[in-house]
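Survey of secondary and tertiary structure
Below are the chains, spelled out letter by letter.
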Amino acid sequence: MSNKRRLIVVAIAFLLLVSAFLGGCSSSSKQTSNSSEQTSEKKQLAVGIVLPTKDEPRWIQDETRFQDALKNTPYSAEILFSQGDPAKEKANVETLLSKGIKVLILCPHDANAAAASAEAAKKAGVKVISYDRLILNTDAVDYYVTFDSVQVGKEQGQYLVDHATGKGNPLYLYAGALSDNNSFLFFQGAWEVLQPKIADGTFVIANSDKAVALKDKKDLTRDEMASIIGQITTNWDFNTAKNLAQANLAKAPKNLKGNVFILAPNDGTARSIADTFKADPDIKSYVITGQDAEKPSIQYIIDGKQSMTVFKDVRILVKDAINAALTYLDGKTPEATKTYNNGVKDVPSKPSPVQVVDKNNVKQVLIDSGYYQESDFTWPK
Ligand code: BGC
C-alpha cells in the first residue's frame, strides 16, 4: 500500500470511529431526555404557593417546612413571595396559573385585594386554599387552612391577666394590620379576656381612647374593632411598631409607666416594642406577649426580654395545606370541622391548636420536640 492509500484508509477508519461515537452519544442522550420527561411527568407542577413576605422569620419558617414536606409528594410545587405588595401577589398568582397549576395555596397580604386572584384561579378551574389568613369577600375560596386565631388572642390576654396583681396596671394595646383578617381574630380573642379586667380596674388602658370608650363592651362589632385597631396598629411592621410605642410613651403620664403590661400581636412587633419600652427610664418592668415562636423571640424569651410567645407549629399547617391540596388533586373534598365567614361565604376549615411558650417550658416545647435545635440559641450558664 502506498503511503497515500494508507493515509486514506486511516482517515476513513477515524471518521467511522467518530461517527460511531457520536451515534452512541445521541442515543444515550435520547434515553436521558426520555427519563427526565418521565420524571417531569411524575413531578408535574400541580401546586402553586404564594406567601406574603420574606422579611419576617415567620414566613421563612413556612417556606422551609413546605420544602421539607413536599419532598414526599408525587407532585411538584413552586413557592413565590409577594413582599407585602398586592400587585406582586396578583402577578405571582398569574404566573402560577399560566404554568398550569391545579391548586393554589395563597396567604394574602391584603385580604380584600386577594379576592381578584382567587377569582382568576377559580375561572381557570383551580382550587383555592386560603393559607393562615382568610381571603375576604369572594366565593372563590374553597378551603381555609389555619390555626385557631381567636385562641391565639385569648392566650395572649390570659397571660397578661395571670401576671397582673392589684388594680390600676397600665395596659398598652397593639394590633396587626387592618388589611389582615387575623388581626381582628387575635384582637377579638384578647379583648374577650382583657375586657372584664379592664372593666373591673385591674388594667388601665394607656394608649387608645377608642378602647377606653368601649371598655364596658365585651363583644365588639367588626367596625368597633376596626376603630380600635386603627389607633393601635403596627401594620405588622417593626418600624411602625417602634414609632407608635415611642409616641405612646412620650405622651404617657408617669402614673401610666412603672410596671406595665403590653399586648403585642406577634413576635416581630413584640421585639421592637419591648426594646422601646426597655429604653424608657420610667418603665420599671414589662410583661409583653407575642406569637409565632420566631427564633429571635425565643432568644428574647431565654434572655428575659420578651415574656411569652404563642407557638403555632407550622409543620401542622403545612401538612394540612398539602393534604388538602392532594385531596383536591384526587378529586375529593378535604375534611372540615368548622367554617369561617369571609363576608360572602362560610369557608370550610379545620383550625389547629396553639400553645403558650414562656421561659418555663421553652426547652420542653421547642427543643425536646425537635422543632428547633438547642444549639440555635444561647442559654444562660
Ligand atoms: C399571622 C402571624 C404573623 C402575622 C404577620 C398573621 O396573619 O397569622 O403568624 O405574625 O400575620 O406576618
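This write-up is about the structure you can find in this document. Quick caveat, the model's predicted, so the values are computed rather than measured.

Burial along strand E10 (residues 308-311) is two-sided: the residues Met308 and Val310 and Thr309 and Phe311 are all buried. The pairing of E10 with strand E13 (residues 355-358) spans four bridges and is classified as antiparallel. Bridged to Thr309 within E13 is Val357.

This next bit is on the packing of helix H6 (residues 181-199) against helix H8 (residues 222-232). Close contact between H6 and H8 brings their axes to 10 Å; oriented N to C, the two are set at 100 degrees. One element, H6, and the other, H8, form an angle in the roughly perpendicular class. Across from Asn181, Ser183, Phe184, Phe187 and Gln188 in H6, the residues of H8 making contact are Arg222, Met225, Ala226, Ile228, Ile229 and Ile232. Looking at the contact of H6 with H8 residue by residue, the class counts come to seven nonpolar, three polar and one charged.

Burial of the side chains of strand E12 (residues 346-349) is restricted to one face: Val347 and Ser349 are buried, whereas none of Asp346 and Pro348 on the reverse face is. When strand E11 (residues 338-341) meets E12, the two strands line up antiparallel, connected through four bridges. Note that in E12 the partner of Tyr340 across the bridge is Val347.

Turning to the site of the ligand, a few remarks are in order. In the neighbourhood of the ligand, 13 residues make up the surrounding shell, with Glu56, Arg58, Asp132, Asp180 and Asp292 lying closest. At 2.5 Å, a side-chain N or O of Glu56 approaches an oxygen atom of the ligand. One nitrogen or oxygen atom from the side chain of Trp59 is found 3.0 Å from an oxygen atom belonging to the ligand. Notes on the ligand: free accessible area 310 Å², of which the protein chains cover 100%. When atoms are counted within 2 Å of each cavity's grid points, the one that captures over half of the ligand is the largest cavity. Put simply, the parts of the chain that give the shell around the ligand at least two residues each are helix H2 (57-70) and H6. Classifying every residue of the shell around the ligand gives three nonpolar, three polar and seven charged. Shared between two domains, the shell around the ligand holds at least three residues of each, these being domain 1 (42-147 + 314-350) and domain 2 (149-311 + 356-376).

Cut-offs applied
Residues numbered from 1 in each chain as written. Predicted model: local features only at pLDDT ≥ 70, side-chain atom pairs only at ≥ 80, totals over all residues. Heavy atoms only, no water. Buried < 20%, exposed > 50% of the residue type's maximum accessible area, 1.4 Å probe, protein only. Helix = DSSP H or I, 4+ residues; strand = E, 2+ residues; numbered from the N terminus. Pairing = 2+ DSSP bridges. Axes fitted to C-alpha atoms, helices over the stretch in contact; angles between N-to-C directions. Parallel < 35°, antiparallel > 145°, perpendicular 65-115°, else oblique. Contact = heavy atoms within 4.5 Å. Nonpolar A, V, L, I, M, F, W, Y, C, P; charged D, E, K, R; others polar. Near = heavy atom within 4 Å. Polar contact = N/O pair within 3.5 Å; in protein donor to acceptor, adjacent residues only side chain to side chain. Areas by Shrake-Rupley, 256 points an atom, 1.4 Å probe, with all protein chains shown as cover. 1 Å grid on protein atoms, 1.4 Å probe; cavity = no way out; pocket = protein on both sides within 12 Å on 5 of 7 lines; lining within 4 Å. Sits in = over half its atoms within 2 Å of the grid points. Domains from an automatic or database assignment.

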